[in-house]
Amino acid sequence: MLKLFDPLLSDLSQARIDLAPGRFGLLAACDGGLLEVTGLAAPVGALCRVAHGPGEPLTAEVIGFRNGRTMMMLLGDTVMLRPGARVRTEGRPGMLPVGEAFLGRAVDGQGLPIDGGAPIHAHAQWPAGGVRTGALDRSGVRETFDTGVRALNALTTFGVGQRIGIMAGSGVGKSVLLDMIATGAEAEVVVVGLIGERAREVSDFVERHMAGSKRERTAVIAVPADHAPNLRLRGALLATSLAEQFRAQGRKVLLIMDSLTRVAHAAREIALLLGEPGAARGYPPSSLAAITKLVERAGNSAQSGGSITGLYTVLADGDNQDDPVVDTARSILDGHVVLSRELAQRGQYPAIDIAASLSRVMDDIVPPEHAALAREFRALSASYEANRDLVLMGAYRQGADPQLDRAIAMHEALAQFLSQPARSTVPLEPSVAALTALLTHAP
């Protein structure tokens, strides 16, 4: 029984005693979750405790300054707040807890456990904005990454340290494909950030992936959609900081972020609260910049030899692939997978639009023969899709286009190759072998 207190006693013995006088400010205004505090100078990113009465203190984060007042945003609800409440700073500003203690656990954006387990005692800290390194410290992508999905392994082969986006509208199967990759991919450490998603998806994911041998190498940071925007953004930063710290140890990390669009939405809410004008379809510049900063932190490290393979889902509002978030993510990522609602409605799962999907490093990490077969498959698939209406109406005359004739003859086989049952795994080598057999022995 006494051993339960060992981590707490160890933390207390290592804690530094601060003999400086305590400083506090007073709550002067509250407007939609935005707090204005007087008499307290705290840096941006600092966490503060708001004493609102006999209950537990509320937590707020400093997001800016205005007219000599400190602007804060609550990490929870504004219920029971009152004017004149005392506000004190806590912890180290701009630093997030990281370390081995998070492996096998599910936590929220503040690092507090949500799995019913004991409190997490993390002794290491990492800058929330990451450790900036030179561009030449990022080594190239040289090793293939096995996703466990046949279509992706064979036709858009990804590499270790690559940043990949899964782009689609709502309800097309982003989370299902993400779940398939999380099941089939191999990595020393898996860090999952479930940001702004449904609480049911969080519990389902934890139940499936936090069991057995995978639990000891997996960390889940979950902030559902009903939480404050700065807590959602903080969850994304915590997941990325955890991955960075493990990469600094030389490990190969798989970072899964679902979804990047919800992170942009959270950054947009904060920017609009601070009065920043909306630019691209209502997105302030800082909200789109938040995506770039987050994605750029993934990749290979030449110094430590570790890597972060980033896998991000991107929601295309209204199935618009020119949405500002989609366009920004596509421009900064090293590859993207586009899911088609039309293919999903035909019953093809995963509904990968091969013609629109791309891996920018594939030619550097696969043999030329494999790359040639993938281009041949793409050409056949694109030829059929471009002339599908003519074929279905009977307006196409056989013999007019030899490539289209071959695409029509192989259409069923091509569609079957792209389909794969959910939660099943097809490794990289069998995927390439299946592609070779399909195109070599086909008419």
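In the block above lies the structure referred to throughout.
Residues numbered from 1 in each chain as written. Predicted model: local features only at pLDDT ≥ 70, side-chain atom pairs only at ≥ 80, totals over all residues. Heavy atoms only, no water.

1. Details of empty space enclosed by the protein
Heads up, the condition is: Here a cavity is any set of points on a 1 Å grid over the protein atoms alone where a 1.4 Å probe fits but cannot get out, and a pocket is any open set with protein on both sides within 12 Å along at least 5 of 7 lines; a residue lines the site when it has an atom within 4 Å of a point. Grid points are joined across faces, edges and corners, and a volume is the space filled by probe spheres set on the points. Helix and strand labels come from DSSP, where a helix needs a run of H or I of at least four residues and a strand needs a run of E of at least two; each type is numbered from the N terminus. Only Asp, Glu, Lys and Arg are considered charged, only Ala, Val, Leu, Ile, Met, Phe, Trp, Tyr, Cys and Pro nonpolar, and every remaining residue, Gly among them, polar.
Enumeration according to the criterion identifies 2 cavities of 30 Å³ or more in this entry. Its volume calculated, the largest cavity comes out at about 70 Å³. Residue lining of the largest cavity: Ala182, Ala185, Val190, Val192, Phe205, His209, Lys214, Arg217, Thr218 and Ile256, and that is the complete set. Contributing elements (two or more residues each) for the lining of the largest cavity: strand S13 (189-195) and helix H4 (199-209). When the residues that make up the lining of the largest cavity are grouped by side-chain class, the tally is 6 nonpolar, 2 polar and 2 charged. By volume, the second largest cavity amounts to about 40 Å³.

2. A word on helix H14 (residues 411-418)
Here is the rule we go by: Summary of the burial criterion: residues with accessible area below 20% of their type's maximum are buried, those above 50% are exposed, and those between are partly exposed, where the area comes from a 1.4 Å probe applied to protein chains only. This arc corresponds to the set of directions leading from the helix axis out to the C-beta atoms. Note on contacts: a residue pair qualifies if any of its non-hydrogen atoms lie within 4.5 Å across the two residues.
All of the buried residues along H14 are Leu414, Phe417 and Leu418. Viewed along the axis of H14, the buried residues span an arc of 95 degrees, placing them on a single side of the element. Those residues of H14 that are exposed and angled more than 90 degrees off the buried face are Glu412 and Gln416. Taken together, the buried residues of H14 touch helix H2 (150-155), helix H11 (368-386) and helix H15 (428-440).

3. Observations concerning the nonpolar core
Defined as follows: To form a nonpolar core, buried Ala, Val, Leu, Ile, Met, Phe, Trp, Tyr and Cys residues must be joined to one another through side-chain atoms within 4.5 Å.
Core analysis: the largest hydrophobic core is formed by 57 residues, its most contacted members being Leu155 and Phe377. For this core, the leading source of residues is H11, giving 6 residues. Setting aside anything within four residues of it in sequence, one finds phenylalanine 377 in contact with Leu155, Leu414, Phe417, Leu418, Leu435, Leu438 and Leu439.

4. Regarding the packing of aromatic side chains
Threshold: For this analysis, a ring pair means two rings from Phe, Tyr or Trp (six-membered ring only for Trp) whose centres lie within 6.5 Å, classed as stacked if their planes differ by under 30 degrees, edge-to-face if by over 60, and tilted for the remaining angles. Geometrically, a charge over a ring is one whose NZ (Lys) or CZ (Arg) sits within 6 Å of the ring centre while staying within 35 degrees of the ring normal.
Considering all chains together, one arrives at 1 aromatic pair under this definition. With 5.4 Å between their ring centres and 50 degrees between their planes, phenylalanine 377 and phenylalanine 417 make a pair best called tilted. You can see phenylalanine 377 sitting in helix H11 and its partner phenylalanine 417 sitting in helix H14, a full 40 residues away along the chain. Here the two residues phenylalanine 377 and phenylalanine 417 agree in accessibility, since each one is buried. For arginine 86, the ring lying beneath its charged end belongs to phenylalanine 24, and the centroid distance is 4.1 Å. When the ring centre of phenylalanine 417 is taken as reference, the NZ or CZ atom of arginine 150 above it lies at 5.5 Å.

5. Let's talk about the sheet that holds strand S1 (residues 25-31)
Definition in use: By the convention used here, strands pair only if DSSP detects at least 2 bridges between them. Angles shown run from 0 to 180 degrees and are taken between the N-to-C directions of axes, each axis being a line fitted to C-alpha atoms and, for helices, limited to the stretch in contact.
If you walk around this closed barrel you meet the 6 strands as S1-S2-S5-S4-S3-S6, and the pairing is antiparallel. Neighbouring strand axes in the sheet, compared pairwise and without regard to direction, differ in orientation by 45 degrees on average. Bridge count between S1 and strand S2 (residues 34-38): 5 bridges; the pairing is antiparallel. From the neighbouring strand, alanine 29 faces S2, where its bridge partner is glutamate 36. Here helix H5 (residues 229-248) sits on the sheet and contacts strand S3 (47-51), strand S4 (58-66) and strand S5 (69-74); the angle it forms with S5, its principal contact strand, is near 80 degrees.

6. A few points about unusual backbone geometry
Across the junction of aspartate 258 and serine 259, the peptide omega takes the value 10 degrees, indicating a cis bond. Following the sequence through the fold, serine 259 ends up in the loop between strand S15 (252-258) and helix H6 (260-273). Here the phi dihedral of asparagine 67 falls at roughly 55 degrees; this positive angle occurs in a residue that is not glycine. Relative to the helices and strands, asparagine 67 resides in the loop between S4 and S5.

Everything listed is a geometric property; what it means functionally is a separate question.
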